[in-house]
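Given next are the chains, with one letter for each unit.
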Protein chains: 2
Amino acid sequence: MTDTSDDIPGIGQYDDFHTIDWQRDIARDRMRHRYIVKKRQDSFWDLLKGAHDAWSGWVCVLLVGLFTGCVAGVIDIGASWMTDLKFGICPQAFWLNREQCCWSSNETSFDSGNCSQWYAWSEIFTSSREGFGAYVISYFFYIMWAMLFALLAASLVRMFAPYACGSGIPEIKTILSGFIIRSYLGKWTLIIKSVGIMLSVSAGLSLGKEGPMVHIASCIGNILSYLFPKYGRNEAKKREILSAAAAAGVSVAFGAPIGGVLFSLEEVSYYFPLKTLWRSFFCALIAAFILRSINPFGNEHSVLFYVEYNKPWIFFELVPFIGLGIIGVSGTGLFRGKGLLNKCVYFHPQGFIATFFIKANLWWCRFRKYSKLGQYPVTEVLIVTFITAVIAYPNPYTRMNTSELIYLLFSQCGISNQDPLCDYNRNFTDVNSAIEIAAAGPGVHKAVWLLILALAMKLVMTIFTFGMKVPCGLFIPSLALGAITGRVVGIGMEQLAYNYPKIWIFSGECSTGDDCITPGLYAMVGAAAVLGGVTRMTVSLVVIMFELTGGVRYIVPLMAAAMASKWVGDALGRQGIYDAHIALNGYPFLDSKDEFQHTTLAADVMQPKRNETLAVITQDSMTVDDIETLLKETEHNGYPVVVSKENQYLVGFVLRRDLNLALANARRIIDGITGQSLVIFTSAQPVQNLGPSPLKLKKILDMAPITVTDQTPMETVVDMFRKLGLRQTLVTHNGRLLGVITKKDVLRHVKQMDNEDPNTVLFN
Amino acid sequence: MTDTSDDIPGIGQYDDFHTIDWQRDIARDRMRHRYIVKKRQDSFWDLLKGAHDAWSGWVCVLLVGLFTGCVAGVIDIGASWMTDLKFGICPQAFWLNREQCCWSSNETSFDSGNCSQWYAWSEIFTSSREGFGAYVISYFFYIMWAMLFALLAASLVRMFAPYACGSGIPEIKTILSGFIIRSYLGKWTLIIKSVGIMLSVSAGLSLGKEGPMVHIASCIGNILSYLFPKYGRNEAKKREILSAAAAAGVSVAFGAPIGGVLFSLEEVSYYFPLKTLWRSFFCALIAAFILRSINPFGNEHSVLFYVEYNKPWIFFELVPFIGLGIIGVSGTGLFRGKGLLNKCVYFHPQGFIATFFIKANLWWCRFRKYSKLGQYPVTEVLIVTFITAVIAYPNPYTRMNTSELIYLLFSQCGISNQDPLCDYNRNFTDVNSAIEIAAAGPGVHKAVWLLILALAMKLVMTIFTFGMKVPCGLFIPSLALGAITGRVVGIGMEQLAYNYPKIWIFSGECSTGDDCITPGLYAMVGAAAVLGGVTRMTVSLVVIMFELTGGVRYIVPLMAAAMASKWVGDALGRQGIYDAHIALNGYPFLDSKDEFQHTTLAADVMQPKRNETLAVITQDSMTVDDIETLLKETEHNGYPVVVSKENQYLVGFVLRRDLNLALANARRIIDGITGQSLVIFTSAQPVQNLGPSPLKLKKILDMAPITVTDQTPMETVVDMFRKLGLRQTLVTHNGRLLGVITKKDVLRHVKQMDNEDPNTVLFN
C-alpha cells in the first residue's frame, strides 16, 4: 500500500461541523510515517526530513508551551495593570501597576497597599484620599472604568470573533472528542480572547481567566500545529497537540503543571494515549516554567496561593470537611435525586452553591437563548457590569481582586496579616511562639458579615455572568465561593473550640491553648469542594489544589471533601457545568463517562428503518451517472459498496466527499470518462463491453469498514464508537448488509433513551 | 434478553492461563445490573439487594483500603522490629524496636541512636559496645540474623506459595490486561508474601517492600472481591477492583495516594475507565489514611522523606539535573540506539545505572532460568544474603536501613544533622540565620568515598537480588542508587560554587556567600531519574516523588530529570524493567504503549493458513455426535457458527467451554437427546424430521461476534484487541467467513514482526 489516496487533493479532509474518523486518520498517519521511514534511506535530505518528522511532535509541544507561557504572562501583566487602573494611576509611568509603581519608589511601607508615587483617582481630582468626596469620585471612576473595559471586551468579541466568548471548555471537549468547528481555534479567536479576557477580568466581573486560558492555549496549539503537516493536516493527530495544549493552559492558569495534565486527562480529552500523557507533561512543564521566569506576580513562590499552616488538622475535623464537601454541592429546594436507587427520592438539603449554581445558570442561559435578550449581548454585558461594579465597590471583599480575596481567605492569621479577618484578642510576643487560640474581635465579626454578603453577591452575579458574550471562566469564582463558605465555617469551628475546649472532639489537641483550628484550611477545603461540585473533577482537582497552595500535608482533607462533593453532586444531578453547557448547546459529544444502560440492539438504531431502502453502491455495475444521481438524491456522508443489488454482501465503504472529489477529478483529468462509464471498485478486470472505458475507484474504497451484526447490543456499539472513535459502522446479518449506524444516530438514540429531545443535537 | 446463560452452571468462567473476553464480561455485568434494577420494584428485600449492588463497588474498595492500610502497618512494624533485631534487643520488652524501646525509657539523648534500655548484641555477650571484640560479635550476629531471615523467607516461599516471589508487578500487569493466573492473587500468596517481605527486608537484602506491597494489595483486592459476586464472579469487573487495589498498594508503600492512582493508571492498569479512577482515588485515600493512623514510623509528617530546603534552585542547575537524568539511565558500553532515526547509531555514554541495571539483571535472570542455578533457589538466596551482609556491615551507609539512607541523602545539612556527610568548615551561630557556603571537611570526603562504594555494592547486589525467589521490590534500591549519585554530584557542584563563586553560572545567587547549592535536592532529582529509568514512569514518578518529599517547589527539576531519563532510556532500549520481565517470562501481554508499525493485513495473520480448513459449526445441520467429534479433533477455544458448509456466512460464535458444558448438561437433564439429535442454533423451528428431538443451543451462541474484513490492516486489528479487550475476532470477505484471529495469533504476530521468537509466549 502506498500513499495513493493523496493523489486527489482534498481527500482526507473534513467539512465544517463534521465528525472525524479516528481510525482512518490514524491509519493515514501510520502510512505517512512508514513512507518517510522507507524513504529516508534514499538521501541525506530525506534523512533530515525523517528526523524532523520524528521530533516534530516534541518540537510542536515545546513551541506550544513557550507561546502559552508568554501569552499567559502578557495577560497576567495586562490584567493586573488594568485592574489597578480602576483605582488610580502611576503618573510618572502610567504603564506600571500599583505594585510596580510603589516598588520603583523604594518605599518600604508597602503593606498598606498605597504609596506616595501612586495616585488614586480621588487624589488627582480632589487631592485627598479620604472623605466623602474622594469616596464618590473613586466609586465613579471604578464604575466608569469597569463599564469601559466591559464595553470594549463585548464589542471586540461581537465584531471580530464571536467564538471568543465564554470559557471555551465545553467546545474544546467537543472538538477533542472528534468534531470539526472551523475557526473556533483560529488566530482571531486567539487574539480577541487574549485581549478580551484581560478586559473582562479588569472590568471586575465575577469571572476568572483560567478557563479561557485553556481555550487560548488550544488556539496556540491549533495554529502551531499547521507548522507541522503531520499534525496540521491530520485531525486525529492534531488532537494530541490540543490535549497537550489544554494541559499547558491549566498549567499556566494555576501554576499547576501536573494538575493541568490530569485536568486534560480527566476532564477535557477523549483520546489520550500514554504518548500524549508524556507530551502534555512536557508542554505543561515548559509553559509553567516560562510563566515562572516572566514572574508576573512578582512573588518568590512558584505557587499561586502559597499557604503554610502551623498546625496539622485533627481527626474530628474530617466531619466539617466532609460537611463542606456536601454544602459545596448540594442544591437548595426540592430535587429529584436519581443517583442512589434510580427511584425518585426526595430530599431537602440546606446547602447551596454548586448544584444551585449549575441549575440557575442553565435556566438563565436557556432563557437568554430563547428570549430577545440574546439579541443584545453588549447591552447585557454593560448592565451586568454596572450592577456588579455598583454592588462590589462598597464591600472591601468584593472590591478587591478575586485572586487576592482567595489568597487572603486561605492564609493563616499571623503577625503579618493586618486584615480585619485577623482581629483576634491576642498579643503576639514572639514570632516563633505558637499562636494561641483566642476570641474573635469585632473586626472578625464584621468581616464574617461582609463575607456572607460577598458570598451572596458573587453567587448571584456569577450565575448571570457565566454565559455572557465575553470571555469568562468559572474556576476563580467557584474557588472564591467555596473559600468564603469555608472560612466562615472555619471561624465558627475555631470559636467553638475556643469556647468549649473541653468537649471530647477537641480534647486532644485544643486543650493546650494553641490555635488548633485553622480557618484558612477550611477555606481551602471549601474552595476545593465547590470547584469539584461545579466541574465534577476529582483527582485533578486535588492535585491542582495542592499545587496551587503547596499544601501536601492536607491531601486527606482535600480528598475527603472532593469525594463528598462528587458523590452528593452525582446523586443530585449527573452533569457538571461543562457537560450541561454541551447539552444546552447541542454539541455532538458522546460522553465517555456515562454508561449506556439500555437493552436496544443495533437493528433498532440503524438506518434505514423498515419500509425504507438502503442507498448502496454496487461494486461493478453502476455508471458515473447512476452514482451522481444517487449523490444528488441522498444526503448521506458515505455509501456502502456491495457485491450486487441482489446479493448485498458487503465489500467496503466509500465517503461522499471522496466520491465527489474522485468523480470531479476523473471528469477533468482522465480521457474517455463519460456519464455511461462503469464505476468499478474491484481490482478484477471487467468483462469487455462496448461502452466507454470504466473508472476504477478502488483506491478511494475503504476495504476495512467496521461492521457489527444486527444482534449486537447497543451498549457494545456505543462502546466501539467511543473507544475506536468511529464515524459510522455497518450492520450485517449473516454477512448480508442491513444498514448503517452513524455517530449522529448513536447520539440521537442516547438522547431518546434518556427521554430528551433527539433533535437538539447539532450536526452537519 | 434474560439472564438465561446462568442456567447452566459454570458458563462465563474461565480456565487457568486463559484470556478473558472483556466485551462479554461487561455485557454480562450490564445484563445482571438491569435484572436487579428491574427486580427491585418487586419487594423490599429486592430493593435492599439493589442498594447493596449499587454500593458494593464502593464498599469493596473501602474494605480493600482498610485491609491494605492495616497489612501495610503490620509489615512496617514487623520489618522495623526485625531489622533492629539484627543489631540488638530490648531486654525488658523484646517486642519493641530500638526507637520504641528508647522512647519508653524517656531518655532525651536519642539522637545518637542508642540508649541504655537498648542492648546491642555485643553488650549482652561482652558488656561493651566498643572495641574489636564487640565489633566482631556485632558483625557475626548481623550476618546470622540476616541468614536466618533469608532462609525463612525463601523456605516459606518455596514450600507454601511459589507465586509470592519477586515484585509481582509484571504478573499483575499481565493479569490486569485480561489473563487468568489462578491463585496468583490467592490467600496463601497474600500471607506468605506479607511474612516473606518482612523477612527479606529485615535480612538486609538490597530490595524494597514497595513493589510487593502492590502485589499484597492486589491479593487483598482479589480475595475481598469474592464477597461481592458482582466482582468476584466477573473477571472484567474484578479488574476494576484490582486496579484500585494496586493504587492502594503504592499509596501505602510511599504514603502517596495520588501517586498511587497515577501509577495504577500509567504503569499497571490496562482498562481504566474514569469510574475506576475515582474508586482508586478513594481506595488509595483510605489506605493511606489508615496507615497514617497506625503511624508505624512514629513521625509527625505524613510524608515518608519529608524535606525542607532553605534555598530555591537556580536556573543553571537545570543542566546538572538533566545530566543526572541522563546518568540515571544511560547504559555503559556500546549500545545500538534505535530510537532516534531507526538506524544503527552507535554511541558510548559514560553513565551507568538504569539501563545497565536492566540489561545486567535480565542477563542474570535469563542465566538463572536456563541453568542449574534455578533449581536451588534457597541456596541462591542464602549465598546472596551472606555476601550482602558481609559487604554491607563495614560501610555505615549500607549497614543502615535503605530508607534511612535515602532520607539522610535527601536531607539538608543543618544544625541538627550530625552525620559525617555534613562535616563542613562552618560554625552555626543562630538557628535562623542563612547557612553559608563552606568548604567540605574531612568527614564529607570520607563520606563521598563510602557513598561511591555503597553505590557500586548496591548496584551489583541489586542485579543479583531482583528475580530471586523471595519477595523483593525495586523502588527503594533504585531510589537509593539515584540518591547516592545525586548527592555526590550535588556535593561536587557545591564545592565548585564555593571555590569559584565568581563564574557566571553562579554569579547571581552564590555571590552573597549563602549556600546556594543544596546537595539534598540533587539526591532527590537523582533518585527520581534512576527510578524513572528503571520503571519508565513519568507523571506518576514526579507525583510520587513530591508526595514522598513534600517538595512541591521542585516540580520543574524533577520533571526535567524525569523527562531526560525517559527520553534517553527510550533511545537506548524501549523496555522498562517490568516489560522486560514480562517478555522474559513470556506472559501474553499486549502492550498498549508500543505502536504496531507494520503493514500486514488481517488475512496474513488469521487461522487457518492456506491449505487448511476452518473448523466451523453449521447452524442447523450438525448432530451432537458431529459436534463432539469436532470438539475431540480440534483444540480451539471457540467455533464460528455459519449458515451451512456451502454458504459460510457468519451467524455467530460459540465457545468450546460453553459447548462442552451445554452438551454435558443436555445429556444429563433433557430427555430424548441422543448422539443423533440435531444441534440447532437458530430460533426457527426445524423441518419436522424423523430423528430424535433437536437440541436448541441458541442461548449459548454469541450472536454479536466482532468481525473484521480480510483487508483490515493489522494495526487496526491490534488496536481493536487492545481497546475492546477482545479474545478473538472473525475475519470475513464479502460477508463470507474466512478465518479467526485470536489474541494468541496477535501476540505471536507482534513477536514475529519484531524478529523475536513467537513461541516464547506462554498461553493456555
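Every chain's residues receive numbers from 1 upward, in the order its sequence appears when written. Starting at A for chains and at 1 for ligands, labels are handed out in the order in which the entities are written. Given that the model is predicted, a residue must reach a pLDDT of at least 70 before its local features are reported, and side-chain atom pairs must reach 80 or more before they are shown or counted; all residues, however, enter totals for whole chains, interfaces and linings. Calculated side-chain values reflect all of the structure's heavy atoms, with hydrogen atoms and water omitted.

Asker: Even after reading the chapter, I still don't get empty space enclosed by the protein, so can you show me in this structure?
Answerer: Over the atoms, a rolled probe matching the size of one water molecule traces out where space is still vacant. In this analysis a 1.4 Å probe is tested at points of a 1 Å grid over the protein atoms alone, and where it fits but cannot get out there is a cavity; an open set with protein on both sides within 12 Å along at least five of seven lines is a pocket; lining residues have an atom within 4 Å of a point. Grid points are joined across faces, edges and corners, and a volume is the space filled by probe spheres set on the points. Counted according to the given criterion, the structure contains nine cavities of 30 Å³ or more. The space that makes up the largest cavity amounts to roughly 200 Å³. Lining the largest cavity are 18 residues, with Thr707(A), Thr732(A), Thr707(B), Thr732(B) and Gly735(B) sitting closest to its centre. Those elements that provide at least two residues to the lining of the largest cavity are strand 8 (650-655), strand 11 (707-709) and strand 12 (728-733) of chain A together with strand 11 (707-709) and strand 12 (728-733) of chain B. By the criteria applied, helices consist of DSSP H or I runs no shorter than four residues and strands consist of E runs no shorter than two, each listed in order from the N terminus.

Asker: What should I look at first to understand the environment of Ala27(A) in this one?
Answerer: Residues and elements named next belong to chain A. Mapped onto the elements of the fold, Ala-27 is located in helix 1 (residues 22-39). In this scheme, a residue with accessible area under 20% of its type's maximum is buried, one over 50% is exposed, and one in between is partly exposed, where area comes from a 1.4 Å probe on protein chains only. Overall, the relative accessible area of 18% leaves Ala-27 in the buried class. On a C-alpha basis, the gap between Ala-27 and Gly-249 in space is 29 Å, while along the polypeptide they are 222 residues apart.

Asker: Explain the domain arrangement of chain A here, please?
Answerer: Accessible area lost upon the coming together of the parts serves often as the stated size of an interface. Residues and elements named next belong to chain A. Domain start and stop points were drawn from an automatic or database domain assignment. Domain parsing of chain A yields domain 1 (80-104 + 112-144), domain 2 (161-297), domain 3 (315-328 + 348-427 + 436-585) and domain 4 (602-754). The C-alpha-based centres of domain 1 and domain 3 are spaced at 29 Å. The interface is formed by seven residues belonging to domain 1 together with nine residues belonging to domain 3. Here the quantity called buried area is the accessible surface, traced with a 1.4 Å probe, that two parts lose on coming together, added over both. Summed over both sides, the interface between domain 1 and domain 3 buries roughly 750 Å², with carbon and sulfur atoms accounting for 69% of that surface. Broken down residue by residue, the surface that domain 1 buries against domain 3 is led by Tyr-139, Tyr-142 and Ile-143, which jointly contribute 59%. By convention in these notes, a salt bridge is any Lys or Arg side-chain nitrogen within 4 Å of a carboxyl oxygen on Asp or Glu. Scanning the region where domain 1 abuts domain 3 turns up zero salt bridges. Broken down by element, the residue count for the side of domain 1 that touches domain 3 peaks at five residues, all from helix 5 (residues 131-160). Each residue is assigned to one of three groups, with Ala, Val, Leu, Ile, Met, Phe, Trp, Tyr, Cys and Pro labelled nonpolar, Asp, Glu, Lys and Arg labelled charged, and all others, Gly among them, labelled polar. Of the residues contributing to the side of domain 1 that touches domain 3, the split by class is five nonpolar, two polar and no charged. Residues count as neighbours in contact if any of their non-hydrogen atoms are within 4.5 Å of one another.

Asker: I keep staring at the UniProt feature "domain: CBS" (unreviewed entry) in chain A and nothing clicks. Help me out?
Answerer: Taking the UniProt record as the reference, the feature "domain: CBS" (unreviewed entry) is found at residues 606-669 and 701-758 of chain A. Split by type, residues 606-669 of chain A is 38% helix and 23% strand. Its first and last C-alpha atoms lie 38 Å apart. UniProt positions are given in the numbering used here, feature names are shortened, and annotations may be inferred rather than shown by experiment.

Asker: When you look at the confidence of the model for chain A in this model, what are you seeing that I'm missing?
Answerer: When pLDDT is low, close inspection of the predicted coordinates is not appropriate. Residue and element names in this part refer to chain A. Of the residues in chain A, 87% reach a pLDDT of 70 or more, and the chain-wide mean stands at 82. The lowest-confidence element of chain A is strand 4 (residues 345-347), averaging 33 in pLDDT; the highest-confidence one is helix 8 (residues 210-225), averaging 94. Known as pLDDT, the predictor's confidence for each residue is given on a scale from 0 to 100. Considering only residues more than four positions removed or in separate chains, one finds that residues 331-351, a stretch of pLDDT under 50, has 43 contacts.

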